[in-house]
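Chain and residue survey
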Amino acid sequence: MTTAHAQPAIDAIREQLRQAGQEHLLTFVDQITPEQRSALLAQIASLDLRSLPGLIERYVRASSDAAKGSSAKIEPVPYFAADHTSKDRGWDREAYARKGRELIGAGKIAAFTVAGGQGSRLGYDGPKGCYPGGAVTGKPLFACLADWILAAQERYRPATGSIPWYIMTSPLNHEATVAFFKANGYFGLKSTDVMFFPQGVMPSLDLKTGRVLLSQKHEVALNPDGHGGSLKALYTSGAIDDMAKRGVEHISYTQIDNPLVRVIDPAFIGLHAASPQSSGEMSSKMVAKSDPGEKVGVLCKVNGRVGVIEYSDLPAELAQARDADGGLTYSAGSIAVHMIGVEFVRRLNAGAGGAGGGFTLPFHRAEKKVPFVDLSTGQRVEPTSNNAVKLEAFVFDALPMAARSIVLETQRLDEFAPIKNATGSDSPASCAEIQTRRAARWLGGAGCRVPYKNCGAVDAVIEISPRTAMDAGEMRAGGAGAAKVPAAIPSGAKVVI
Ligand code: UTP
């Protein structure tokens, strides 16, 4: 039974739901406890019901996607080459790295990691940052990134020792994430330098009808609103104000699932903040695509502006096109690493209604399996095929909003080994293999004898902590601290350096 004093609230919400075509969300309202009812009503009240019919029409009924069907003019993107000494594409890496180190040293740079995803492909039941990332240590992905920040603090901010780290969670994994950091002593960072905030959510929609799904009789099925939700959440959470208070001017954006990511990279920071080709608003890193079919978004010029085209949206003739030297014309694979100006985030949000909060990037639709309650039986169903549409925003859709945006090429082996899938490519196994190959190359360059199998694979598993060496040059110089480079690695060994 519904209590008398709760009735008006339910009636008002029922009417709003009716107008949005979502009245079914109250199907079980008389079968749930008063606490569950309050939670359900609060959840429904937090949904943007007015925008729902339009979203359902567009993304479920018409199956359209923000990026699809565009007749945009697409051109290859200019970029700063990984080989800064190359004849045609040379640039002064050291000058930009110096500028970057100055900005880090002056406290103007924050690290920012998006960690609100659900990791459904990996099939890991917890925040992905808790998943083992170190090839030998098995240290969690959060610890891999924390070690990079510690290494950067030791090198670039030895006086104050602090680079703030903002971590975006989702309402679904926020508490678990914060608890994990507490339990692990913030991985050696100061707790006051690590800030967490949850991103927004969107209701998951039934693939056939567009109706919002119930995950329980008393609970709406929600999904995080994509990494693009970060540009709104940074603002609405107060993170941007906190950054401004700390004097932070630029944000180094990374994902949680790549333990090799250079969380703070002086040369990239310097290019973003000081190159004449950059407006200091939003910059990107790329790696050369390994083959035309590689499933990564491609950085291109779209109608004269830098943007990312998803692999599935890049016309086949462009994906296959080659330059005179045989290289792919559209080779700039996005690795989802960006520099973002604090003022850029503020401008995007403030532009959308002054007080902020109204800003969103366009949504992309993804068909997924989402457990739901069958309205006719009241039973929870675990679907075996895709039954739902999730709406997610992608952070790279903000790139064209920057006046001038630069792209930096980097070596794949040095900084890109994502963990996305349980097996095969981009898996824990492929990630450990890349970590080992990178370590072998760095150690070999520093005079260490590395064992190889006949097939050419490294006959060992090797993990290098960024606190020892952040790049091959540091390793050649002997790594941080004494006697870090061994004379040889034994065959079959598991080694942490
Ligand atoms: P992915 O696109 O790989 O998604 O996220 P995912 O959720 O981790 O994994 P799947 O697709 O369910 O298998 C890339 C990065 O963006 C973050 C993720 O945490 C990861 O760091 N992300 C993704 C968010 O922070 N929020 C989101 O809503 C989606």
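Going by the structure above, here's the rest.
Below is a short write-up of the structure. Worth saying up front: this structure is predicted, and the values here are computed from it rather than measured.

The next thing to look at is the site of the ligand. With respect to spatial proximity, 19 residues lie near the ligand, and among them Val114, Gly116, Ser120, Arg121 and Gln199 are the closest. Residue Lys128 places a side-chain N or O atom 3.4 Å away from an oxygen atom belonging to the ligand. Within the backbone of Gly226, one N or O atom sits 2.8 Å away from an oxygen atom of the ligand. Burial of the ligand by the protein chains amounts to 91% of its free accessible area of 560 Å². Broken down by class, the residue content of the shell around the ligand amounts to five nonpolar, nine polar and five charged.

Moving on, we come to the packing of helix 4 (residues 93-105) against helix 9 (residues 266-274). One way to put it is that helix 4 packs onto helix 9 with a least axis distance of 6 Å and a crossing angle of 90 degrees. Comparing their axes, helix 9 and helix 4 come out roughly perpendicular. Contact residues: Arg93, Tyr96, Ala97, Lys99, Gly100, Arg101, Leu103 and Ile104 in helix 4; Pro266, Ala267, Ile269, Gly270, Leu271, Ala273 and Ala274 in helix 9. Here the contact of helix 4 with helix 9 is composed, by residue class, of ten nonpolar, two polar and three charged.

The next subject is the sheet that holds strand 18 (residues 388-393). The sheet built from three strands is open, its strands ordered 6-18-15 with antiparallel pairing. Since the sheet does not close on itself, it has two edges, and those belong to strand 6 (205-206) and strand 15 (363-368), each with one partner. Pairing analysis gives two bridges linking strand 6 to strand 18, with the strands arranged antiparallel. For Asp206, the partnering residue across the bridge sits in strand 18 and is Ala388.

Applying the stated criterion across every chain, the model contains 24 salt bridges. Residues Lys139 and Glu463 are paired through a salt bridge, measuring 3.7 Å at the closest nitrogen-oxygen approach. Separated by 324 residues along the polypeptide, Lys139 in the loop between strand 2 (109-114) and helix 5 (141-156) and Glu463 in strand 20 (residues 460-463) bring together distant segments of the chain. Judged on exposure class, the residue Lys139 and its partner Glu463 are both buried. Of the charged contacts, one joins Arg347 and Glu281 as a salt bridge, the two residues approaching to 3.0 Å between their closest N and O atoms. A residue pair is termed long-range when its members are at least 10 positions apart, and Arg347 in helix 11 (residues 342-351) and Glu281 in the loop between helix 9 and strand 11 (282-288) qualify at 66 residues. For Arg347, a relative accessible area of 41% puts it in the partly exposed group. Within the structure, one salt-bridge network assembled from shared partners comprises Glu154, Arg155, Arg467 and Glu474.

Bringing the packing of aromatic side chains into the picture now. Aromatic ring pairs are described here by two measures, namely the spacing of the ring centres and the angle between the planes. Considering all chains together, one arrives at 14 aromatic pairs under this definition. Ring centres of Phe180 and Phe187 lie 5.8 Å apart, and the angle between their planes is 50 degrees; on these two criteria the pair is classed as tilted. Looking at Phe187, the relative accessible area reads 13%, which means it is buried. Judged by centre distance (6.1 Å) and plane angle (55 degrees), the rings of Phe181 and Tyr186 are tilted. A residue is classified by how much of its surface remains accessible, and Phe181, at 0% relative accessible area, is buried. Here the aromatic residues Phe142, Trp165, Phe180, Phe181, Tyr186, Phe187 and Phe196 are joined through ring pairs into a cluster of three or more.

Before going further, it helps to spend a moment on helix 6 (residues 174-183). Those residues of helix 6 not exposed but buried are Thr177, Val178 and Phe181. Relative to the axis of helix 6, the buried residues are bounded by an arc of 95 degrees and lie together on one face. Turned more than 90 degrees from where helix 6 packs its buried face, Glu175, Lys182 and Ala183 sit exposed. Where the residues of helix 6 are buried, they touch helix 5, strand 3 (165-169) and strand 4 (194-198). Where helix 6 terminates, the next one or two residues include Gly185, which has phi positive at roughly 60 degrees.

Conventions and cut-offs
Residues numbered from 1 in each chain as written. Predicted model: local features only at pLDDT ≥ 70, side-chain atom pairs only at ≥ 80, totals over all residues. Heavy atoms only, no water. Near = heavy atom within 4 Å. Polar contact = N/O pair within 3.5 Å; in protein donor to acceptor, adjacent residues only side chain to side chain. Areas by Shrake-Rupley, 256 points an atom, 1.4 Å probe, with all protein chains shown as cover. Nonpolar A, V, L, I, M, F, W, Y, C, P; charged D, E, K, R; others polar. Axes fitted to C-alpha atoms, helices over the stretch in contact; angles between N-to-C directions. Helix = DSSP H or I, 4+ residues; strand = E, 2+ residues; numbered from the N terminus. Parallel < 35°, antiparallel > 145°, perpendicular 65-115°, else oblique. Contact = heavy atoms within 4.5 Å. Pairing = 2+ DSSP bridges. Salt bridge = Lys/Arg side-chain N within 4 Å of Asp/Glu carboxyl O. Buried < 20%, exposed > 50% of the residue type's maximum accessible area, 1.4 Å probe, protein only. Phe/Tyr/Trp six-rings, centres within 6.5 Å; stacked < 30°, edge-to-face > 60°. Arc of directions from axis to C-beta.

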